[in-house]
Amino acid sequence: MAQKRPASATSTTQPPRKKQYVEKPKSLKASRKHLVTTKKNADREEKAAPPKSKRKAPITSNERNLLIRDFYGKEVALFDSEKLKAGGLKAVMEDADETRKGRIMNALKSSLTRIFDNPDKGAVGHPVVHRALWEYLQEVSRLPTPEDQTKARNEMFENCHELLAEMAHTKDGSRAVREFVVWGSAKDRKKILKTFKPHLEKMCLDDQAQLVLFTCLDAIDDTKTLISSIVNDVVSLAPKLVFPSSSTDPTTTTDVASGRRSLIYLLLPRDPRYFTPALIRTIAETDDVIAQTSKKDAEVRKKEILTGASAGLLKFVASEAEKLVRDPAGSLVAADVVLHADGDNTSATKALLKPLVDSPFPPPSSSSESHPMDLAHSSRLYKTLLQGGRFSQKSNSVIPVPSYSAINFARSMLDEVGKDKLLTMATDGGGAFVLTELLERFIKDGTDAEKKGLKAWIGSKTAKKRVEGSSAKGKDALLSKYNELCS
């Protein structure tokens with residue numbers, strides 16, 4: 001019979017563990033209600049919490065250089081990490097002999113080719129790949145002979161020309177694609193245009209990709225193909241490029257700023273009112289190569305592109321005049337289209353005047369919209385068209401557009417809007433400066449009969465009394481022009 005072991009002197013008896021009481025729902029229905037309430041409370045807390053930023057900090061140039069070292073082969077990855085970190089591939093190549101340079105270039109070419117041969121894996125759109133491609137093309141331009149450069153560049157182009165649109169959205173990718181455009185043959189450039197065609201809207205709205213389109217417009221001599229492949233499609237996208245798709249989403253406003261530049265480049269390439277000095281310098285990076293590879297005179301090319309785009313742009317202004325007049329940025333585009341487009345602008349100018357004709361003045365109290373003449377950007381639009389050009393702060397004067405007839409616009413305004421309404425808008429609204437410019441235009445370019453008719457109208461006692469009794473801004477300028485006309 002087994003004997004009981006004596007209890008150890010050192011053993012301690014632990015207190016009995018307390019049972020944890022978990023309240024159980026009285027029924028299945030109560031359980032479900034409890035779960036729903038818990039989920040609702042969690043959702044409220046999640047909404048109340050500040051949104052987490054999804055944007056990661058951009059990588060530094062040193063980090064980027066280390067990320068792409070595997071593209072250059074094991075030799076560089078093992079022995080040149082410090083040089084890569086400090087100055088990228090250029091720093092490695094500076095101290096390498098010709099044999100080693102060849103090995104590095106072959107390794108880089110093989111790495112890129114593997115990626116371009118397997119675009120479905122998604123690596124083509126990665127900025128690191130674009131950086132590697134741009135570094136490869138920079139080293140190609142340093143090869144000893146033009147024949148070697150052309151051969152290496154053409155081989156890489158054949159590997160990736162169908163993927164160029166996917167690489168144009170980053171800084172390095174855009175610069176690499178532009179390099180292919182400016183060095184490409186006429187046949188290569190046609191392939192590039194064909195690749196871009198399905199992606200034009202996204203390219204127009206992207207800060208980097210639109211630089212590629214600008215380079216195409218600057219470099220390609222075959223303007224007939226250029227107009228059919230790019231220009232006509234960009235013009236057809238005008239409403240999406242000028243007007244934000246959402247007034248509440250600030251990102252669409254940013255996109256449209258890029259879109260307007262894509263449209264304006266057809267009319268006024270590199271105009272400093274739309275393109276910053278830094279952006280103009282970026283666009284000009286390829287000018288030296290274009291001078292070598294393009295045969296057509298740059299001014300001739302610009303004129304042909306302008307002619308190809310003008311009809312569609314004037315039609316756009318005529319069809320969207322009401323929105324353009326009321327939109328601050330749209331009014332700028334409308335003014336430049338009417339001033340610079342090649343062709344008959346009568347329909348466009350009449351459409352721009354229609355809001356003045358159709359909108360009652362003063363607006364009824366029930367209306368939430370201001371009259372177009374009381375909007376600063378709208379009155380500036382009409383003033384610009386009456387002046388015949390933009391005011392230049394540099395020269396402190398209006399720079400007239402030779403191909404545009406300001407007197408014809410003044411005549412249309414007088415006929416379409418009417419004298420009485422113009423005077424009312426000048427004395428009771430924001431139209432004093434516009435009427436001043438209209439009188440100035442007739443004083444300069446009007447016929448004697450037109451001046452006589454204006455003098456009889458604006459020089460009447462009733463009209464003068466209304467102007468003198470007005471408190472409108474610009475009254476003094478209007479009275480000065482009245483005295484000049486009646487003297």
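Residues numbered from 1 in each chain as written. Predicted model: local features only at pLDDT ≥ 70, side-chain atom pairs only at ≥ 80, totals over all residues. Heavy atoms only, no water.

1. A look at the environment of L226
Looking at the element boundaries, L226 is found in helix 13 (residues 223–236). In this structure L226 comes out as buried when scored by relative accessible area, which is 0%. Considered as a pair, L226 and L193 are 33 residues apart in the sequence and their alpha carbons are 7.6 Å apart. Those residues in contact with L226 that lie beyond four places of it in its chain are L193, C216, L217, I220, V231 and I305. (Helix = DSSP H or I, 4+ residues; strand = E, 2+ residues; numbered from the N terminus. Buried < 20%, exposed > 50% of the residue type's maximum accessible area, 1.4 Å probe, protein only. Contact = heavy atoms within 4.5 Å.)

2. Remarks on the packing of aromatic side chains
Each aromatic ring pair is specified by the distance between its two centres and by the angle formed by the two planes. For the coordinates displayed, the defined rule picks out five aromatic pairs. When the centroid spacing of 5.6 Å and the interplanar angle of 55° are considered together, the rings of F157 and F180 count as tilted. Residue F157 is located in helix 7 (residues 146–160), and its partner F180 is located in helix 9 (residues 171–183); the two are separated by 23 residues in the primary sequence. Relative accessible area serves as the criterion here: at 3%, F180 is assigned to the buried category. An angle of 80° between the planes, with centres 5.6 Å apart, marks the rings of Y265 and F275 as edge-to-face. Pair noted here: Y265 is in the loop between helix 15 (250–264) and helix 16 (277–283) and F275 is in the loop between helix 15 and helix 16, with a separation of 10 residues, a long-range link. We classify Y265 as buried; its relative accessible area is 3%. Among the aromatic residues, those joined into a cluster by ring pairs are F214, Y265 and F275. One Lys or Arg, R153, reaches over the ring of W183 and ends 4.4 Å from the middle of that ring. We note K323 situated over the ring of F243; from NZ or CZ to the ring centre the distance is 4.2 Å. (Phe/Tyr/Trp six-rings, centres within 6.5 Å; stacked < 30°, edge-to-face > 60°. Lys NZ or Arg CZ within 6 Å of the ring centre and 35° of its normal.)

3. Notes on the packing of helix 7 against helix 10 (residues 186–196)
Running from N to C, helix 7 and helix 10 cross one another at 25°; their axes reach a closest spacing of 12 Å. Put simply, helix 7 runs roughly parallel to helix 10. Handedness of the crossing formed by helix 7 with helix 10: left-handed. Contacts from N154, F157 and E158 of helix 7 reach helix 10 at D188, K191 and I192. Taken together, the residues of the contact of helix 7 with helix 10 break down into two nonpolar, one polar and three charged. (Axes fitted to C-alpha atoms, helices over the stretch in contact; angles between N-to-C directions. Parallel < 35°, antiparallel > 145°, perpendicular 65-115°, else oblique. Left-handed = near helix turned anticlockwise from the far one by under 90°. Nonpolar A, V, L, I, M, F, W, Y, C, P; charged D, E, K, R; others polar.)

4. A word on the confidence of the model for the chain
Overall, the predicted model of the chain reaches an average pLDDT of 85, with 82% of residues at or above 70. The low-confidence segment residues 18–26 (pLDDT under 50) makes two contacts with residues lying over four places distant or belonging to another chain. With pLDDT under 50 throughout, residues 31–36 is counted as low confidence; its partners more than four residues away or in other chains account for one contact. (pLDDT = per-residue confidence, 0-100.)

5. Quick word on helix 26 (residues 448–458)
Residues of helix 26 that are buried: L454, W457 and I458. The buried residues of helix 26 occupy an angular sector of 80° when projected down its axis, which confines them to one face. Opposite the buried face of helix 26, by more than 90 degrees, sit the exposed residues D448, A449, K452 and A456. Taken together, the buried residues of helix 26 touch helix 23 (406–417), helix 24 (419–428), helix 25 (432–445), helix 27 (461–468) and helix 28 (475–486). (Arc of directions from axis to C-beta.)

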